[in-house]
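# A look at the structure
Now for the letters of each chain:
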Amino acid sequence: MTSPADARLDDSAFLAAARGQEPTHTPVWFMRQAGRSLPEYLKLREGVGMLESCMDADLVTEITLQPVRRYGVDAAIFFSDIVLPLKAVGVDLDIVAGVGPVVASPVRTLADVAAIPDLTPEHVPFITRAVQQLAAELGGTPLIGFAGAPFTVASYLVEGGPSKEHAKTKAMMFGAPDVWDALMRKIAGLAEEYLRVQVEAGASAVQLFDSWAGALTPADYQQHVMRHSARVLAAAGELGVPRIHFGVGTTNLLSLMGEAGADVVGIDWRTPLADGIARVGDRAVQGNLDPTLVFAPTAVMTSRAAEIIEAGRAAKGHIFNLGHGVIPSTDPGQLKALTEFVQAYPR
């Protein structure tokens, strides 16, 4: 039986574009729209740690809703963090301001991998509650579920924190393939279950973030990473929701990221959208305005947005977004103007 919320979602421009159908207008949302630049978010987060806020269902609900209220975007992105599933199962880590996730005991051995528990819904009751609350509040606005892709999460676990070179990660990938494979299978299982919890609670789509995949060659991605991301995306596909796959600096990986099982491939700002469309094949695309262009005069920003919308006509479907996340010092007024421009742009 279809609920009233499900019926309203039938009119979603975001879901139509993600499924390769014809939307009423070009849909738009922004990565990292839930927080960072919003004054109401900064006020709400005063004195509250990042992971603490991600584990409070009421805070997650409010933060996820804030940009939808302010901008009128076509989708909400679930407020969470890439390492939240690890924290939920007991991995000793924290998010350090100005640094990022820091892991107390980096993974080195098969025993280290085996010590990481598998995720169950009982580990994340706050996620179920937050998604259920959001699905009820959002009505006809879809909620996008969120998870970190295996390679990126593995890099944090192996490096002990953020890394520019990913030297320890690659040393394990090349030098200890048994440990690497076990770790990737473990993380894929965590991501698979984390997305399942979100979808079963009411998320209408999912996005798999592979922030660091651009550090890999196509051959290394195909041999050591792709099948693990494909497992996560296949499991999400069985739940019947559109799947977005996004990475940073992944021009040379776009075709493989699509083949891993994406319905929509996110294209960052470094790749001209037309080139990205040619690479991903018969799939929808998402992107890809340079996040710094919101600091330009409004007319310059919207002119570049128009070029991206026009290029997006060649794709199976196009969801307008920035080519990465909202920069913390972004003027919310500019994002509001950008949202209204994209939604009003003639089809």
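Our structure's up above, just so we're on the same page.
Analysis parameters
Residues numbered from 1 in each chain as written. Predicted model: local features only at pLDDT ≥ 70, side-chain atom pairs only at ≥ 80, totals over all residues. Heavy atoms only, no water. Pairing = 2+ DSSP bridges. Helix = DSSP H or I, 4+ residues; strand = E, 2+ residues; numbered from the N terminus. Contact = heavy atoms within 4.5 Å. Axes fitted to C-alpha atoms, helices over the stretch in contact; angles between N-to-C directions. Buried < 20%, exposed > 50% of the residue type's maximum accessible area, 1.4 Å probe, protein only.

Looking now at the sheet that holds strand β8 (residues 284–289). Taken in spatial order, the seven strands make up an open sheet running β1-β4-β5-β6-β7-β8-β9, and their pairing is parallel. Each edge of the sheet is formed by a strand with only one pairing partner; in this case those strands are β1 (76–77) and β9 (318–322). Direction of pairing for β1 relative to strand β4 (residues 143–148): parallel, over a ladder of two bridges. By the bridge assignment, alanine 76 is partnered in β4 with leucine 143. Across the sheet, helix α13 (residues 226–238) lies against β5 (205–210) and β6 (243–247), angled at about 155 degrees from β6, the strand it touches most.

With that out of the way, let us pick up the environment of leucine 138. Along the polypeptide, leucine 138 turns up in helix α8 (residues 125–138). On the accessibility criterion, leucine 138 (9% relative accessible area) is buried. Expressed as a C-alpha distance, the spacing of leucine 138 and valine 68, which sit 70 residues apart in the sequence, is 8.6 Å. Beyond its immediate stretch of four places on either side in the chain, leucine 138 contacts Leu65, Val68, Ala76 and Leu143.

Our focus in this paragraph is unusual backbone geometry. Here the residue pair glycine 287 and asparagine 288 is connected by a cis peptide bond, since its omega of -10 degrees sits within 30 degrees of zero. One non-glycine residue, arginine 32, lies in positive phi territory at about 65 degrees. Mapped onto the fold, arginine 32 is located in the loop between α2 (13–18) and α3 (39–44). Even without a glycine there, the phi angle at histidine 166 is positive, about 55 degrees. With respect to the secondary-structure elements, histidine 166 resides in the loop between α9 (150–159) and α10 (167–175). For histidine 166, a relative accessible area of 2% gives the class buried.

All right, on to the pairing of β4 then. Two faces belong to every sheet, and in a regular strand the side chains alternate between them. The buried fraction of β4 is high, at six of six residues. Of the two faces of β4, both are covered, the one formed by Leu143, Gly145 and Ala147 as well as the one formed by Ile144, Phe146 and Gly148. Relative to β5, β4 runs parallel, the two sharing five bridges. Of the residues in β5, the one forming a bridge with alanine 147 is leucine 208.

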